[in-house]
Amino acid sequence: MRLLIAEDDRDIAKALTALFEHNNYSVDAVYNGNDGYDYALEGNYDGIILDIMMPGMDGLEVLRALRNAEVKTPVLLLTARGEIEDRVSGLDAGADDYLPKPFAASELLARVRAMLRRRDNYQDEILEFEGLSLNLSTFELSFQGGNLRLVSREFQMLQLLMQSPGSVISTEQFMERIWGWDSDVEVSIVWVYVSNLRKKIDKLGAPVNIRAVRGVGYCLEKTIQS
């Protein structure tokens, strides 16, 4: 899952980025409302976390502008304000949730997980394909009693593949969703992580393969028995 954080306090933004990356999210962080709007409009994010009090466009202005542009990405507002009227204003502007500062990290994570589950239709905490299970809370991959824990990028890539088994996900999609559209890493990194995932799936003995579609990308499919 890929998140955008718009928070003008760089120390808070850095702490939030570390928190979410530790929990296997990919994160872009910006420090004013104008950049928040531009990134949200151009990027492919699963969720957005906006501080209300920011230089340039404030969080509510960003939110209203995004909704007017028909950007439906779920938004969680963070602010030091705790009055009911401020919460109402945020929700009326199109926010999906609202969390006043200070807050517990565990509550923020729980609220973001809940927000992302509501994004389209409810999504279970466990993705399954041909007996292979991926736990979205513990980041564990399991098959017939065997299990292993995936590292952050592996988890994010396999989550994308298991959400749409049989569908081809392009290298560009992986790069944008996991490393970010402004990342300077080489596209060959995608092959490296696919190779690591194949080895782990084989280690578990699951009848699942990540097939390379030449010149396009990768898809998850059932292994064809010979």
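Residues numbered from 1 in each chain as written. Predicted model: local features only at pLDDT ≥ 70, side-chain atom pairs only at ≥ 80, totals over all residues. Heavy atoms only, no water.

Draft legend 1. Focus on the overall build of the protein. When its secondary structure is counted, the protein shows 8 helices and 12 strands. Relative to the 2.2 N^0.38 estimate, which gives 17 Å for 226 residues, the radius of gyration of the protein is 19 Å and therefore close to what a compact globule would have. Overall size of the protein, expressed as C-alpha extent along the three principal axes, is 65 × 35 × 30 Å. In the protein, which comprises 226 residues, the proportion classed as buried is 47%. (Helix = DSSP H or I, 4+ residues; strand = E, 2+ residues; numbered from the N terminus. Rg over C-alpha atoms; globule rule 2.2 N^0.38 Å. Buried < 20%, exposed > 50% of the residue type's maximum accessible area, 1.4 Å probe, protein only.)

Draft legend 2. Inspection of the pairing of strand 9 (residues 146-149) at higher detail. The pairing of strand 8 (residues 140-143) with strand 9 spans 4 bridges and is classified as antiparallel. Bridging across to strand 9, Phe-143 finds its partner in Gly-146. Counting the residues between successive antiparallel strands, the hairpin from strand 8 to strand 9 contains 2 residues, one of them, Gln-144, with a positive phi of roughly 45°. (Pairing = 2+ DSSP bridges.)

Draft legend 3. The arrangement of the sheet that holds strand 1 (residues 2-6) in detail. Read from one edge of the open sheet, 5 strands run 2-1-3-4-5, paired in parallel fashion. The open sheet has two free edges, formed respectively by strand 2 (26-30) and strand 5 (97-100), since each of these has just one partner strand. Across the sheet, the axes of successive neighbouring strands diverge by a mean angle of 20°, strand direction being ignored. When strand 4 (residues 75-79) meets strand 5, the two strands line up parallel, connected through 4 bridges. (Axes fitted to C-alpha atoms, helices over the stretch in contact; angles between N-to-C directions.)

Draft legend 4. Spotlight on the packing of helix 6 (residues 152-163) against helix 7 (residues 171-179). Where helix 6 meets helix 7, the closest approach of the two axes is 11 Å, and the angle between their N-to-C directions is 125°. If you check the angle between helix 6 and helix 7, you find them oblique. By crossing handedness, the relation of helix 6 to helix 7 is classed as right-handed. Residues Arg-153, Gln-156, Met-157, Leu-160 and Leu-161 of helix 6 pack against Phe-174, Arg-177, Ile-178 and Trp-179 of helix 7. (Parallel < 35°, antiparallel > 145°, perpendicular 65-115°, else oblique. Left-handed = near helix turned anticlockwise from the far one by under 90°. Contact = heavy atoms within 4.5 Å.)

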